[in-house]
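Chain residues, written in single-letter form:
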Amino acid sequence: AQIALESGGADEEERRSWEEVRKSSSVLLGMINDMLDIARSDAGAMAVSMELMDLGDIVASAQSTIGPLAVGARVTVAPDVPLVSGDYEKMMRILENLGSNAVKFTPAGGTVSLSAMREEETGDVLVTVSDNGIGIAKENQERIFDRFFQVDSSTTRIYGGSGLGLALVREYAAAQGYTVGVESELGCGSAFTVRIPVKAVVELDEDE
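Worth saying up front: this structure is predicted, and the values here are computed from it rather than measured.

**Q** A description of the sheet that holds strand S3 (residues 83-86) should follow, citing residues and the corresponding values.
**A** Strand order in the open sheet formed by three strands is S1-S3-S8, and the pairing between neighbours is antiparallel. Looking at strand neighbours, the two that pair on one side only are strand S1 (51-53) and strand S8 (201-202), the edges of this open sheet. Where S1 lies against S3, three bridges are found, and the strand directions are antiparallel. Bridging from a neighbouring strand, methionine 53 pairs with valine 84 of S3.

In structure tokens, the structure reads:
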């Protein structure tokens, strides 16, 4: 499909058809990768590479993936956010999953925000993806992290998805020693926060 789109020989109707094939293939590939990661997790084979991470770089990279879908995307990284120890690829997947979910459940004209800050009281680092979309009912706010859970059948029909994205977000976070929580109000939006504990913060000496 990609080759056909790049060939330049298709007319407008053919290009639309090939673009639909490409989009559907991309969605299917994402679902397959999610299933493979779930299988690796169940087998205890989910590899984690703990390395020095700059959250500013990760948030910016996630924005470049989500940005084209979210016209109202906003990004804020506090100047005092330190380097942390974690798995760059898994942190990217966390933000991409949370970001694409925020875009999916936010109507046109809404706002999606990514932010990173250090919590003064605990020293933990908080990375938050928030939106002003449809929100989540209180009774479902823990269940949404269960595998294959969908709030109701209409959610799948209208918005699509396999019900694995948030389950993987929590598993990716746990593999790095992080936690994920959500605050939401039905009809008013949601805020998903990845809490990186202070023990994962890497403090560098000023002369390093």
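**Q** So what's going on with the pattern of salt bridges? Residues and values would help.
**A** Pairing between side chains of opposite charge can happen when the charged atoms of each approach one another. For the structure shown, the criterion picks out seven salt bridges. Residue arginine 195 is joined to glutamate 119 by a salt bridge in which the shortest nitrogen-to-oxygen separation is 2.7 Å. In this pair, arginine 195 is assigned in strand S7 (residues 189-196) and glutamate 119 in the loop between strand S4 (112-118) and strand S5 (125-131), connecting sequence segments 76 residues apart. One network of salt bridges, in which partners are shared, links Glu119, Asp124 and Arg195.

**Q** Lay out the sheet that holds strand S2 (residues 74-77) in plain terms, naming residues and giving numbers.
**A** The five strands lie next to each other as S2-S4-S5-S7-S6, forming an open sheet whose pairing is mixed. Each having just a single partner strand, S2 and strand S6 (179-185) make up the two edges of the open sheet. In this sheet, neighbouring strand axes are inclined to one another by 15° on average, regardless of whether the strands run parallel or antiparallel. As defined by bridge partners, S4 adjoins S5 across seven bridges and the pair is classed as antiparallel. By the bridge assignment, methionine 117 is partnered in S5 with leucine 126.

Thresholds, definitions, all that
- Residues numbered from 1 in each chain as written.
- Predicted model: local features only at pLDDT ≥ 70, side-chain atom pairs only at ≥ 80, totals over all residues.
- Heavy atoms only, no water.
- Pairing = 2+ DSSP bridges.
- Helix = DSSP H or I, 4+ residues; strand = E, 2+ residues; numbered from the N terminus.
- Salt bridge = Lys/Arg side-chain N within 4 Å of Asp/Glu carboxyl O.
- Axes fitted to C-alpha atoms, helices over the stretch in contact; angles between N-to-C directions.

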